[in-house]
Amino acid sequence: MAALDTPLERGQALAIEGDFAGALEALTEATTEDASNAKAWEATAQVLLAASDDQDERSAAKALVAAQKATEAAPHWAP
């Protein structure tokens, strides 16, 4: 496996493994380092949704905020 050099890469790999807490930690690092990183915000939204259940309104609201930040950072980009 190639080295995971960036917080975004680490977050994505951890999310694939199902480690949502670790993924959120890495993705938070990515968005803190670069608040305009649309890919990191989109990945954050995906992880928050994956980690939530149907009764978890807070995670859903946080996911919506992350998705909005992704579209603000790159309005013409689509994952």
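Described in the following lines is the structure provided in the data block.

Parameters and conventions
- Residues numbered from 1 in each chain as written.
- Predicted model: local features only at pLDDT ≥ 70, side-chain atom pairs only at ≥ 80, totals over all residues.
- Heavy atoms only, no water.
- Salt bridge = Lys/Arg side-chain N within 4 Å of Asp/Glu carboxyl O.
- Helix = DSSP H or I, 4+ residues; strand = E, 2+ residues; numbered from the N terminus.
- Core = buried A, V, L, I, M, F, W, Y, C linked by side-chain atoms within 4.5 Å.
- Buried < 20%, exposed > 50% of the residue type's maximum accessible area, 1.4 Å probe, protein only.
- Contact = heavy atoms within 4.5 Å.
- Axes fitted to C-alpha atoms, helices over the stretch in contact; angles between N-to-C directions.
- Parallel < 35°, antiparallel > 145°, perpendicular 65-115°, else oblique.
- Left-handed = near helix turned anticlockwise from the far one by under 90°.

### Some details on the pattern of salt bridges
Here the structure, examined in full by the defined rule, presents one salt bridge. Between R10 and E29 there is a salt bridge, with its nearest N and O atoms 3.2 Å apart. Note that R10 is positioned in helix α1 (residues 7-17) and E29 in helix α2 (residues 20-33), a separation of 19 residues in sequence.

### A closer look at the nonpolar core
If you look at the biggest cluster of nonpolar residues, it comprises eight residues: L8, A15, A23, L27, A30, A40, A43 and V47. Of all the elements in the fold, those that place two or more residues in this core are α1, α2 and α3 (38-51). Contact partners of V47, with chain neighbours within four places excluded, come to A15, F20, A23, L24 and L27.

### Brief notes about the packing of α1 against α2
Between α1 and α2, the shortest axis-to-axis distance is 8 Å and the interhelical angle comes to 160 degrees. The angle between the axes of α1 and α2 places the two elements in the roughly antiparallel class. Taken as a pair, α1 and α2 cross one another with a handedness that is left-handed. Along its contact with α1, which presents P7, L8, R10, G11, L14 and A15, the element α2 presents F20, G22, A23, A26, L27, E29, A30 and E33.

These figures come from the coordinates and say nothing about function on their own.
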